[in-house]
Amino acid sequence: MPRRTAAATVLALAGLLATAAPAATAAPVTAVPTTARTSPATPAGTAAAPDVPLANVKAHLTQLQSIATANGGNRAHGRPGYKASVDYVKAKLDAAGFTTTLQQFTSSGATGYNLIADWPGGDPNQVLMAGAHLDSVSSGAGINDNGSGSAAVLETALAVSRAGFKPAKHLRFAWWGAEELGLVGSKYYVANLPATERSKLSGYMNFDMIGSPNPGYFVYDDDPTIEKTFKDYFTGIGVATEIETEGDGRSDHAPFKSAGVPVGGLFTGASRTKTAAQAQKWGGTAGQSFDRCYHSSCDTTANINDTALDRNSDALAHAVWTLSAGTTEPPTGDTYQNTADVAIPDNGAAVTSSVTVSGRTGNAPAALKVGVDIVHTWRGDLVIDLLAPDGTAYRLKNSGNDSADNVQETYTVDASSEVANGTWRLRVQDVGPYDTGYISAFSLTF
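Numbers given to residues run from 1 along each chain, matching the order in which its sequence is written. In keeping with the predicted nature of the model, local features appear solely for residues at pLDDT of at least 70, side-chain atom pairs appear and are counted solely at 80 or more, and the whole-chain, interface and lining totals rest on all residues. Here the side-chain values reflect all heavy atoms present in the structure, with hydrogen atoms and water set aside.

Caption draft 1: Up close: the overall build of the protein. The helix count covers DSSP runs of H or I at least four residues long, the strand count covers runs of E at least two residues long, and both are numbered beginning at the N terminus. When its secondary structure is counted, the protein shows 10 helices and 21 strands. For the protein, buried positions account for 54% of its 446 residues. Only heavy atoms matter for contacts: two residues are in contact if any of them lie within 4.5 Å across the pair. Put simply, 78% of the contacts in the protein that link residues at least 6 apart link residues at least 24 apart. Note on areas: Shrake-Rupley, 1.4 Å probe, and residue coverage restricted to the protein chains presented here. Approximately 16,800 Å² of the protein is accessible, and the part contributed by carbon and sulfur atoms is 50%. Type-normalised accessible area, obtained with a 1.4 Å probe on protein chains alone, sets the label of each residue: buried when under 20%, exposed when over 50%, and partly exposed for intermediate values.

Caption draft 2: Region of interest: the packing of aromatic side chains. Only rings of Phe, Tyr and Trp enter the pairing, Trp through its six-membered ring, and a pair is recorded when the two centres are within 6.5 Å. The plane angle decides the type: under 30 degrees is stacked, over 60 is edge-to-face, the rest tilted. In total, this model carries 18 aromatic pairs according to the counting rule given. With centroids separated by 5.9 Å and ring planes inclined at 80 degrees, the aromatic side chains of Phe98 and Phe173 adopt a geometry described as edge-to-face. Separated by 75 residues along the polypeptide, Phe98 in the loop between α3 (80-95) and β3 (99-107) and Phe173 in strand β7 (residues 169-176) bring together distant segments of the chain. Overall, the relative accessible area of 1% leaves Phe173 in the buried class. Ring centres of Tyr233 and Phe234 lie 5.8 Å apart, and the angle between their planes is 85 degrees; on these two criteria the pair is classed as edge-to-face.

Caption draft 3: Inspection of the state of the cysteines at higher detail. For this text, the term disulfide refers to a pair of cysteine sulfurs within 2.5 Å. According to the stated counting rule, one finds 1 disulfide in the structure shown. Here Cys293 engages in a disulfide with Cys298; their sulfurs sit 2.1 Å apart. Between Cys293 and Cys298 the disulfide shows an S-S torsion of about -115 degrees. By sign, it is left-handed. The class for Cys293 is buried, based on a relative accessible area of 12%. On the basis of relative accessibility, which here comes to 35%, the residue Cys298 falls in the partly exposed class.

Caption draft 4: Examining the pattern of salt bridges more closely. Each reported salt bridge corresponds to a side-chain nitrogen of Lys or Arg within 4 Å of a carboxyl oxygen of Asp or Glu. Throughout the structure, instances matching the rule amount to 14 salt bridges. Across the pair Glu242 and Lys281 runs a salt bridge, and its minimum N-O distance is 2.6 Å. Taken together, the positions of Glu242 in strand β10 (residues 242-243) and Lys281 in helix α9 (residues 276-282) put the pair 39 residues apart, joining distant regions of the chain. Residue classification places Glu242 among the partly exposed positions, given a relative accessible area of 22%. We note a salt bridge from Arg360 to Asp334, for which the minimum N-O separation is 3.2 Å. Highlighted residues: Arg360 in the loop between β15 (351-357) and β16 (368-376) and Asp334 in strand β13 (residues 334-338), separated in sequence by 26 residues. Owing to a relative accessible area of 31%, Asp334 belongs among the partly exposed residues under this scheme. Salt bridges here are not isolated pairs; linked through shared partners, they connect Asp385, Arg395 and Arg427.

Caption draft 5: Local environment of the packing of helix α4 (residues 143-163) against helix α10 (residues 306-324). Interaxial angles span 0 to 180 degrees and are taken between N-to-C directions of axes, which are lines fitted to C-alpha atoms, for helices over the stretch in contact. The contact between α4 and α10 brings their axes to 10 Å, and the two run at 50 degrees. It follows from the interaxial angle that α4 and α10 lie oblique. Once α4 is placed against α10, the crossing between them reads as right-handed. Between α4 and α10, the contacting residues are Ser148, Ala152, Val153, Thr156, Ala159, Val160 and Ala163 on the first element and Leu309, Ser313, Leu316, Ala317, Val320 and Trp321 on the second. Under the scheme applied, nonpolar residues are Ala, Val, Leu, Ile, Met, Phe, Trp, Tyr, Cys and Pro; charged residues are Asp, Glu, Lys and Arg; polar residues are all the others, including Gly. Tallied by class, the residues present in the contact of α4 with α10 amount to 10 nonpolar, 3 polar and no charged. Angles below 35 degrees are treated as roughly parallel, those above 145 as roughly antiparallel, those between 65 and 115 as roughly perpendicular, and all remaining angles as oblique. The crossing is said to be left-handed when, going from far helix to near helix, the turn is anticlockwise and less than a right angle, and right-handed when the turn is clockwise.

Caption draft 6: Just the environment of His77, in detail. Structurally, His77 can be placed in the loop between α2 (54-70) and α3. A relative accessible area of 11% places His77 in the buried class. Sequence-wise, His77 and Leu181 are 104 residues apart; in three dimensions their C-alpha atoms are separated by 8.2 Å. Those residues in contact with His77 that lie beyond four places of it in its chain are Tyr82, Phe105, Ser107, Ala110, Thr111, Gly112, Asp135, Ser136, Ala178 and Leu181. N or O atoms within 3.5 Å of each other form a polar contact, as long as, within protein, one can give a hydrogen and the other can take it, and as long as residues adjacent in sequence are counted only when both atoms are side-chain atoms. A distance of 2.8 Å separates the side chain of His77 from the backbone oxygen of Ser107, its partner in a polar contact.

Caption draft 7: Spotlight on the nonpolar core. Formed by 66 residues in total, the largest nonpolar core has its most connected members in Leu93, Phe173, Trp175, Met205, Phe207, Phe230 and Trp321. With 10 residues, α4 is the largest single contributor of residues to this core. Residues in contact with Phe230, not counting those within four places in the same chain, are Met205, Phe207, Val219, Gly265, Leu266, Ala315, Leu316 and Ala319. Here, the term nonpolar core denotes a set of buried Ala, Val, Leu, Ile, Met, Phe, Trp, Tyr and Cys residues that are joined through side-chain atoms within 4.5 Å. Core analysis: the next-biggest nonpolar cluster, separate from the first, contains 29 residues, Ile344, Leu386, Leu396 and Ala420 among them.

Caption draft 8: The arrangement of the sheet that holds strand β4 (residues 110-119) in detail. The mixed open sheet is built from 8 strands, whose spatial order is β3-β4-β7-β5-β8-β11-β9-β10. Taken across any chain shown, the strands that pair with only one partner, and hence form the sheet edges, are β3 and β10. Two elements, β3 and β4, share 9 bridges in a ladder whose sense is antiparallel. Along β4, the bridge assignment pairs Thr99 with Asp118. This element, α10, spans β5 (123-133), β7, β8 (201-207) and β11 (263-267) of the sheet and lies at about 145 degrees to β7. Strands qualify as paired when DSSP identifies two bridges or more between them.

Caption draft 9: Local environment of helix α5 (residues 184-191). Within α5 the residues assigned to the buried category are Val184, Gly185, Ser186, Tyr189 and Val190. Considering only its buried residues, α5 is in contact with β3, β4, β5, β7, α6 (195-198) and α8 (253-258).

Caption draft 10: Geometry of the side chain of Thr229. Residue position: Thr229 is located in helix α7 (residues 224-236). A polar side-chain atom of Thr229 sits 2.8 Å from the main-chain carbonyl oxygen of Thr225. If we skip the residues at most four places from it in the chain, Thr229 touches His318, Ala319, Thr322 and Leu323.

Such coordinate-based values are descriptive only and should not be taken to indicate function.
Right, here's the structure in full:
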């Protein structure tokens, strides 16, 4: 898989990065869960969904564009670009703790793939699904159609993992193959799901084209509960919506709906023309298609409206959190944290982020939790160590052929031989060329 260069994703942030890590002397504080966006639509007693970082969603789109560029300009069914797209998404999910299943089918004489990812836990008799088709047409890279939905579903799944989300319902995410040939992958999945398993699906949400360059904000008017969840979210952020009609029955929710599963979803428009009233309501250009590059070679990373992609990604996460009715449980114990950004030189010297622990008695615990949040375009280049106050190094991660970006993990270290008080450091070194990034946060939970 082609490696992304730093210029594609990270250099735009370069001005924000600190060149050195100031030590953070912190009194113990209660651990705080992932920053959450609250809105008037969040029901009382329900954990608020985290804000889905637009930069992360766009990084996935950059990767899908690179895959298409390296594979004949598309990610279509039966073409190598589609399988490479599946492999990319699967690697991210596997690293985040999902149970992934690759379902094969045949269409037009070629092997197709559905990727299914289950998050451990939740009531197996109540399954909430969110999905998007991952294939493009053969004429282009398919970044809005449907890299946008695929990337948002992926980043929401990764947010579930980062938050340690414990939903009441079981969560399942899906990326469908051969949608452009007539919903082939999703039809195959539904047809091959036993009736007893279909009856366990409490809902399926579909995300197909959610970053159109001249966007509208359309909500499926199928299941009333799912529809209201999305409408309430957009009302809470002051964005008007309309009922989705252009793609009704033409995307991967249709097989689920036909099987009696409650469905819903979001859409920002395709080849239809934006009216003057819609332009007044949403901005953009009246008399122009919502997506002038629909099913065309110009459907590239330049064919995305960032605001629409950001809003719809956050709405997606809000629906997952709200409709699965779970909680986010932060680690227990006292947490010491440094959130200062530290630039990591490409193929260069090691850098550190530090926290100073004071006021504790005795040694560190045998299960010291080390929180690592690193934004990077190729995590396989990174070697990561925890340095105790006396300089003892505890290896957290080796370098290797790890074809994914970012490191957002909590590691457990037996530090019982170390005195708790003192300055602890996270040491990170990039040992390979072409990619760069920064330490976003480092924490210790005792």
